[in-house]
Amino acid sequence: VIEVDGVASADDILLLAGTTVPAQVRFFNSDGAELTGIEDESFAKLTFAPASLATAADVPGEHFHKTITAGATVGTGSLLVGFGHDASADELSFGPYTVTVVVVADRK
């Protein structure tokens, strides 16, 4: 599950063009129980396609916390979540999840 700006989502992530929001990746086992206490020895990686859709930066010292910056262009794409025991987080992948970048209409 990805929690973006305080909203948990398993799909259909909505981002506002040009904004930066906090995100947290949470992993669950096959029984639906959240895996806790693994962040010190495990890593998560967020990969957007197309790459211009958004970018994710690591929060220093936090392996499952990211900062997502939405691109300036409106559109829909996908997000893959990687998991692993080193910074490449390439042992398992989850998704793709749908990501849509929107703009807020100017009300006059």
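For clarity, every value in this text was computed on a predicted model and none was experimentally measured. Positions within a chain are numbered from 1, following the residues in the order the chain's sequence is written. Where local features are concerned, this predicted model is filtered to residues with pLDDT of at least 70; where side-chain atom pairs are given and counted, the filter is 80 or more; whole-chain, interface and lining totals use all residues. To get the side-chain values, all heavy atoms of the structure are used, and hydrogens and water are removed first.

Caption draft 1: Fine view of the nonpolar core. Within the largest apolar cluster, 24 residues are counted, with the highest numbers of intra-cluster contacts made by Val-4, Leu-15, Phe-48, Ile-68, Leu-79 and Val-81. For helices the rule is a DSSP run of H or I covering at least 4 residues; for strands it is a run of E covering at least 2, with both sets numbered from the N terminus onward. Elements with a contribution of two residues or more to this core: β1 (2-4), β3 (13-16), β4 (20-25), β5 (43-49), β7 (62-70), β8 (75-84) and β9 (92-102). Contact criterion: two residues are considered in contact whenever any of their non-hydrogen atoms come within 4.5 Å of each other. Excluding its chain neighbours within four sequence positions, the residues that come into contact with Phe-48 are Leu-53, Ala-54, Thr-55, Ala-56, Ile-68, Ser-78, Leu-79 and Val-99. By nonpolar core is meant a set of buried Ala, Val, Leu, Ile, Met, Phe, Trp, Tyr and Cys residues that side-chain atoms within 4.5 Å join together. Here the term buried applies to any residue with accessible area under 20% of the maximum for its type, exposed to any over 50%, and partly exposed to those in between, with areas from a 1.4 Å probe on protein chains only.

Caption draft 2: Structural context of the pairing of β5. Here β5 shows a buried face lined by Ala-44, Leu-46 and Phe-48 and an unburied face lined by Phe-43, Lys-45, Thr-47 and Ala-49. The pairing criterion for strands is at least two bridges between them, as found by DSSP. The pairing of β5 with β8 spans seven bridges and is classified as antiparallel. Bridging from a neighbouring strand, Phe-48 pairs with Leu-79 of β8.

Caption draft 3: Focus on the layout of surface pockets. Of the pockets and cavities examined, the largest pocket occupies roughly 190 Å³. Considering the residues around the largest pocket, the lining is formed by Val-1, Ile-2, Val-25, Arg-26, Phe-27, Phe-28, Leu-35, Val-81, Phe-83, Leu-92, Phe-94 and Tyr-97. Counting residues per element, the ones that place at least two in the lining of the largest pocket are β8 and β9. Top contributing element to the lining of the largest pocket by residue count: β9, with three residues. Cavity: a set of points on a 1 Å grid over the protein atoms alone where a 1.4 Å probe fits but cannot get out. Pocket: an open set with protein on both sides within 12 Å along at least five of seven lines, its lining residues, like those of a cavity, having an atom within 4 Å of a point. Grid points are joined across faces, edges and corners, and a volume is the space filled by probe spheres set on the points.

Caption draft 4: How the structure looks around the pattern of salt bridges. In the sections that follow, a salt bridge refers to a side-chain nitrogen of Lys or Arg positioned within 4 Å of a carboxyl oxygen of Asp or Glu. Tallied over the entire structure, the rule returns two salt bridges. Across the salt bridge formed by Glu-34 and Arg-26, the nearest N and O atoms sit 3.9 Å from each other. Put simply, Lys-66 and Asp-58 hold a salt bridge, and the shortest N to O gap is 2.6 Å. Overall, Lys-66 belongs to the buried group, its relative accessible area being 3%.

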